[in-house]
Amino acid sequence: MSFRSVHPLMQVIASVFAILVATVNADAQIPEVFHPAGPAAESIADLFWLVIAVCSVIFLVVTGTLIVFIHRFRERADDGETEPPQLYGSQPIELAWTVAPLMIVLVLALVVIRSVVDLRGEPPAQNAERVRVVGHQWWWEFEYPQHGFTTANELVIPVSDEATNRPVYLQLESADVIHSFWVPRLAGKTDLIPGKTNQMWIQADQEGTFAGRCAEYCGTQHAKMLIRVRVVSPADYATWISHQQQNALPPSTERPAESPSETKTTGALAGHARFMELACANCHTIGGTHATGKFGPDLTHLMSRETLAAGIMDNDREHLTRWIKDPNLDKSGCRMPDMRLSDTDVKQIVDYMITLE
């Protein structure tokens with residue numbers, strides 16, 4: 001039986017708190033810890049409720065005792081000027097307030113150590129998917145070495161079920177400063193440190209999209225370094241893997257006309273040419289082209305992602321246009337510069353980008 005199930009009052013209090021936070025910041029992607037969706041997060045949640053329960057009991061005992069003593073030994077009108085009896089030292093009481101805290105700290109320490117070992121250990125199954133996670137200022141690189149491709153900002157993993165656990169093993173690295181990978185409904189946070197490789201594993205027991213973010217201040221746009229983990233069925237995951245392994249379709253592929261006077265194909269061809277002529281190709285990779293830059297996110301299947309710029313905006317033509325025109329409008333100080341492109345260049349490059357499905 002889960003430890004949380006014996007503390008319904010605390011769950012109610014925590015839920016009310018979460019609702020209040022969500023009300024204040026309703027538009028934000030709010031990571032929350034009260035509804036774990038995997039065994040790693042559940043282990044952390046159980047530990048959280050255990051600590052809350054122990055602290056609550058201590059608080060009630062100390063506060064209750066204090067109130068009783070204040071009431072019982074309050075000054076009365078008939079006390080006169082006589083001082084109460086003065087007592088010095090009590091071996092039973094001194095033993096109690098020494099042994100009890102030591103036992104509490106010991107129990108909590110053992111539980112914490114067990115949880116940390118479980119979370120930091122090797123994945124519990126041999127069929128674990130492996131993803132190399134690299135933190136950049138201010139975006140995430142996700143490499144799937146078993147499948148031979150790289151994507152960005154949105155991690156896709158298969159859901160586990162009662163018959164099969166599908167843990168995902170993460171190898172965490174940093175390209176610049178210290179970051180911290182944190183998706184609270186799936187696992188605790190682990191730092192990404194330059195020159196060091198850390199490890200963690202996550203497992204999701206339900207499908208959906210889970211919000212996370214960098215949990216270590218890493219510069220001016222730290223707050224806009226979000227994470228999205230999409231958990232899909234095994235069949236959808238296999239389809240997604242197969243799609244991501246393919247190169248981008250060439251822009252000459254015929255597509256439906258966008259307007260009577262212009263076709264997407266025309267704009268995409270011109271946009272492809274401008275992308276390769278400008279510095280874009282030096283920073284980004286697009287599979288099947290000579291764009292092999294590694295400084296920015298891989299754009300091979302850009303439009304298969306739901307968001308842009310590490311999760312801060314929807315991935316559609318309007319936001320893509322705004323982003324390419326001047327990234328600093330929404331992410332001041334980001335490493336992608338304002339290229340001072342003409343409106344025609346921006347439109348053509350966007351025409352090309354939206355073909356990268």
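Scroll up a little and you will see the structure.
Residues numbered from 1 in each chain as written. Predicted model: local features only at pLDDT ≥ 70, side-chain atom pairs only at ≥ 80, totals over all residues. Heavy atoms only, no water.

(A) Representation of the overall build of the protein chain within the structure. Secondary structure assignment for the protein chain yields 8 helices and 14 strands. Within the protein chain, the proportion of its 357 residues that are buried is 40%. Counting contacts in the protein chain only where the partners sit at least 6 residues apart, residues at least 24 apart contribute 62% of the total. Accessible surface computed for the protein chain: about 19,900 Å², of which carbon and sulfur atoms make up 60%. (Helix = DSSP H or I, 4+ residues; strand = E, 2+ residues; numbered from the N terminus. Buried < 20%, exposed > 50% of the residue type's maximum accessible area, 1.4 Å probe, protein only. Contact = heavy atoms within 4.5 Å. Areas by Shrake-Rupley, 256 points an atom, 1.4 Å probe, with all protein chains shown as cover.)

(B) Region of the structure containing helix 3 (residues 91-120). A rise of 1.5 Å per residue sets the reference length of helix 3, with its 30 residues, at 44 Å; its end C-alpha atoms lie 43 Å apart and thus fit the reference within 8%. Within the sequence span of helix 3, burial applies to L108, V111, S115 and L119. (Expected span 1.5 Å × (residues − 1).)

(C) A look at the state of the cysteines. Counted by the stated rule, this structure contains 0 disulfides. Not part of a disulfide, C214 finds its nearest cysteine sulfur in C218, a span of 3.9 Å. A relative accessible area of 3% means that C214 is categorised as buried. Free cysteine: C280, not disulfide-bonded; nearest cysteine sulfur from C283 at 8.0 Å. (Disulfide = S-S within 2.5 Å.)

(D) Highlighting the packing of helix 7 (residues 317-325) against helix 8 (residues 343-353). Following both chains from N to C, one finds helix 7 and helix 8 inclined at 130 degrees, their axes separated by 10 Å at the closest point. Classified by the angle between their axes, helix 7 and helix 8 sit oblique to one another. As for how helix 7 packs across helix 8, the hand of that crossing is right-handed. Here R317, L320, T321, I324 and K325 of helix 7 lie close against helix 8, whose contacting residues are D343, V346, I349, V350, D351 and M353. (Axes fitted to C-alpha atoms, helices over the stretch in contact; angles between N-to-C directions. Parallel < 35°, antiparallel > 145°, perpendicular 65-115°, else oblique. Left-handed = near helix turned anticlockwise from the far one by under 90°.)

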